[in-house]
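Each chain, letter by letter, is given below.
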Amino acid sequence: MRILFATPELSPWVKTGGLGDVAAALPRALSALGADVRILVPAYPGLLAAFPERSFVTEFQHPGGRLYGARLEYTETADGLKLWMIDCPAYYARVGMPYQDEHGRDWPDNYLRFGLLSRTAAWLASRESTLPWQPDILHCNDWQSALAPAYLRYTLHGAAATLVTIHNLAFQGIFPASTVAELGMPPESFHIDGVEYYGSLSFLKAGLQTADWITTVSPNYAREIQSPEYGFGLDGLLRHRSARLSGILNGIDTATRDPAADAYIRCRYDAAHLECKIENKRSLQARLGLALDERAPLLGVVSRLTAQKGLDLLAAIADDLVDCGAQLVLLGAGEHAFQDGFLDLAHRHPRRIAAVIGYDDGLARQIEAGSDIFLMPSRFEPCGLGQMYAMRYGTVPVVRATGGLADTVVDASPRAIAESRATGFVFAEASAPALMQAIRRAIEVWHDAPRWRRLQEAGMRQDFGWAASARRYLELYGSIAAGAGAPPARVVPIKPGPAGRRRARH
Ligand code: ADP
Ligand code: GLC
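The model shown is predicted, which means the values in this text are computed figures rather than measured ones.

The rules we used
- Residues numbered from 1 in each chain as written.
- Chains lettered and ligands numbered in written order.
- Predicted model: local features only at pLDDT ≥ 70, side-chain atom pairs only at ≥ 80, totals over all residues.
- Heavy atoms only, no water.
- Pairing = 2+ DSSP bridges.
- Helix = DSSP H or I, 4+ residues; strand = E, 2+ residues; numbered from the N terminus.
- Axes fitted to C-alpha atoms, helices over the stretch in contact; angles between N-to-C directions.
- Contact = heavy atoms within 4.5 Å.
- Near = heavy atom within 4 Å.
- Polar contact = N/O pair within 3.5 Å; in protein donor to acceptor, adjacent residues only side chain to side chain.
- Areas by Shrake-Rupley, 256 points an atom, 1.4 Å probe, with all protein chains shown as cover.
- Nonpolar A, V, L, I, M, F, W, Y, C, P; charged D, E, K, R; others polar.
- Domains from an automatic or database assignment.
- Buried area = accessible area lost by both parts, 1.4 Å probe.
- Salt bridge = Lys/Arg side-chain N within 4 Å of Asp/Glu carboxyl O.
- Expected span 1.5 Å × (residues − 1).
- Bend = angle between axes of the 7 residues up to and from the residue.
- Buried < 20%, exposed > 50% of the residue type's maximum accessible area, 1.4 Å probe, protein only.
- Parallel < 35°, antiparallel > 145°, perpendicular 65-115°, else oblique.
- Left-handed = near helix turned anticlockwise from the far one by under 90°.
- Arc of directions from axis to C-beta.

Attention shifts here to the sheet that holds strand S15 (residues 353-357). Read from one edge of the open sheet, 6 strands run S15-S14-S13-S16-S17-S18, paired in parallel fashion. If you trace the sheet from one side to the other, it starts and ends with S15 and strand S18 (425-427), each paired once. Sheet twist, expressed as the mean angle between neighbouring strand axes with direction ignored, is 15°. Pairing analysis gives 5 bridges linking strand S14 (residues 327-334) to S15, with the strands arranged parallel. Its bridge partner lying in S15, Gly332 is registered against Ile357. Along the sheet, helix H14 (residues 361-370) makes contact with strand S13 (298-305), S14, S15 and strand S16 (373-376), crossing S13 at roughly 145°.

Structure representation (structure tokens):
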């Protein structure tokens, strides 16, 4: 099985969140099962610097619009992952994050930058490709590559079967109608059955409409997004495509996320040596200037600071947490209002609350290892990796019952604890009191060391590795490839509700 995996992020070189981790780990897991995988990714400066030795594959122009031509270059990671990089300095040689400049503003030509990723993916998966390596499956990830199946339908002759994975429905890649021609999409594609979305062009809608199959990154999220509450305006389309929509839970890379081998943490440990965890707590408290107090339950957060993550609920109860003797450490970057709010809290409670604004993989791991409790009060969460990293490090998560959080954390009811099944604390309502109540429950059990240890051990025993999910992807690839060549099922489109007017931010 030959798989072309198109992605805008690839950890550790280019990452804004979990997609980067998945894009690095899933292809490795698929390769371990014998699949022949190539990752297609823009040649950002970080990647070019990390891989100075590259071989030239081909050069191409994309006719019909104003997409720049580019070079395709090949390289391999030290462990044999095969990368195809799209080298187009005019689009990708920029300082800043993949989607935004250093001031957090979206690049104005993102439609061209990711139009090029999508169009190149489509060409490589088409009969027009002149390369000897031809994929059976084109696996697209999020809006940035989701225009590829539409390119295959409207501008090329499809050879590979197509799959679009939704990592986050909140980001849709919506641009003015004038971009259709610039992207080299023919006018007939600008239709409700094609790339059109309320008079604009939507990359994600186009992909969901035209791909052979759609997956989400947890089974629960696949159900949730078919409802108006979680559908971001696309629930109608997703309901109509529900026969070709399924959820496959993300895994984590258990080799690089391992408390027994993590070079970033002060003291390494496994489930049989959980007492070493306290060293990591002390060292985290010291590093961040918190009171060196073992008896204070330490709550950790590592997160993008956006409305998705429900951190407004946490900010609302931060003073109460301090009053009940807890400490809080937050690492995150994102919206200024959140950044300022947490910095202000840290300023008011310097020995009890620490807020670090920025992106720091080492500190993220120290928080996962050194905290007692890990918080993810998300309003929605397609999968979530943080809670799985926390459980692997014996840090007990408190999560809202949504998306993949509900699929991965077993609530600590007295019975579930007694049966050693409980792995965390789950609350339903997206409200500050509900979060506070869940944290209080967690702190109560934390004071009872033997029961707490059961929770920690149960979390550390979970198999969050990629093997099972990678096998599911392979089965799915096999079944959609068997049907490849046939046109995708005709979908009766319905106009989504007003929530669909929301704009994707990047
Ligand atoms: P999302 O993809 O929505 O951001 P996930 O839980 O799937 O959420 O993945 C987030 C990933 O990004 C995790 O690996 C987390 O540790 C990491 N991360 C988020 N913010 C930061 C940060 N400020 N510094 C370091 N790592 C971060
Ligand atoms: C997205 C989601 C997150 C998921 C990640 C990887 O960024 O917000 O829940 O874990 O993608 O699939």
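Taken together, 14 residues sit near ligand 2, with His167, Asn250, Glu381, Cys383 and Gly384 positioned nearest. Within the side chain of Glu381, one N or O atom sits 2.5 Å away from an oxygen atom of ligand 2. Considered on its own, ligand 2 offers 310 Å² of accessible surface; in the complex 93% of this is hidden by protein. Of all the elements, helix H1 (residues 18-32) adds the most residues to the shell around ligand 2, at 3 residues. Along the lines of polarity and charge, the residues of the shell around ligand 2 split into 6 nonpolar, 6 polar and 2 charged. For the shell around ligand 2, the two domains that each supply at least three residues are domain 1 (2-251 + 469-501) and domain 2 (271-461).

All right, on to the domain arrangement of the protein chain then. For the protein chain, the domain assignment lists domain 1 (2-251 + 469-501) and domain 2 (271-461). The distance between the C-alpha centroids of domain 1 and domain 2 comes to 33 Å. Listed by partner, the interface residues are 20 residues for domain 1 and 17 residues for domain 2. Considering only the surface of domain 1 that becomes buried against domain 2, Asn220, Tyr230 and Leu249 emerge as the three largest contributors, covering 25% of it. On the surface where domain 1 and domain 2 come into contact, there are 0 salt bridges. For the interface between domain 1 and domain 2, the tally reads 10 residue pairs in polar contact (both at pLDDT 80 or more). Of all the secondary structure elements, the ones that give two or more residues to the side of domain 1 that touches domain 2 are H1 and helix H9 (219-224). Among the elements that take part in the side of domain 1 that touches domain 2, H9 stands out by supplying 5 residues, more than any other. Partitioned by chemical class, the residues of the side of domain 1 that touches domain 2 number 8 nonpolar, 8 polar and 4 charged.

Over its 13 residues, helix H12 (residues 311-323) runs 19 Å from end to end, which matches the ideal 18 Å to within 8%, given 1.5 Å per residue. In H12, a bend of some 50° at Ile317 exceeds every other bend along the element. For H12, the complete set of buried residues consists of Leu311, Leu313, Leu314, Ile317, Ala318, Leu321 and Val322. Considering only its buried residues, H12 is in contact with S13, S14, helix H13 (336-348), S15, S16 and helix H18 (432-446). Once H12 ends, the next one or two residues include Gly325, with phi positive near 90°.

Time to look at the site of ligand 1. Surveying the vicinity of ligand 1 reveals 22 residues, the closest of which are Gly18, Arg304, Lys309, Gly358 and Leu385. Between ligand 1 and the protein, one listed contact pairs an oxygen atom with a backbone N or O atom of Gly18 at 2.6 Å. Asp360 is positioned with one of its backbone polar atoms (N or O) 3.1 Å from a nitrogen atom of ligand 1. Coverage of ligand 1 by the protein chains reaches 92% of its 560 Å² of free accessible surface. Residue assignment for the shell around ligand 1 shows that the elements contributing at least two residues are H1, S13, S14, H14 and helix H15 (386-392). By residue number, the principal contributor to the shell around ligand 1 is S13, which donates 3 residues. Its residues placed into classes, the shell around ligand 1 shows 6 nonpolar, 8 polar and 8 charged. In this structure, the shell around ligand 1 is formed jointly by two domains, domain 1 (2-251 + 469-501) and domain 2 (271-461), each of which donates at least three residues.

In a pair of packed helices, the angle between the axes and the distance between the axes together describe the arrangement. Look at H12 against H13: their axes get within 11 Å of each other, and the N-to-C directions meet at 20°. When the axes of H12 and H13 are compared, the pair comes out roughly parallel. With respect to the hand of their crossing, H12 and H13 are arranged in left-handed fashion. Here Leu311, Asp312, Leu314, Ala315, Ala318 and Asp319 of H12 lie close against H13, whose contacting residues are Phe338, Phe342, Leu345 and Arg348. Tallied by class, the residues present in the contact of H12 with H13 amount to 7 nonpolar, no polar and 3 charged.

Another point: H13. Over its 13 residues, H13 runs 18 Å from end to end, which matches the ideal 18 Å to within 8%, given 1.5 Å per residue. Among the residues of H13, those classed as buried are Phe338, Gln339, Phe342, Leu345 and Ala346. The arc that holds every buried residue of H13, seen down its axis, measures 130°, which confines them to one face. Seen from the open side of H13, the exposed residues pointing more than 90 degrees away from its buried face are His336, Ala337 and His347. Taken together, the buried residues of H13 touch S13, H12, S14 and S15.

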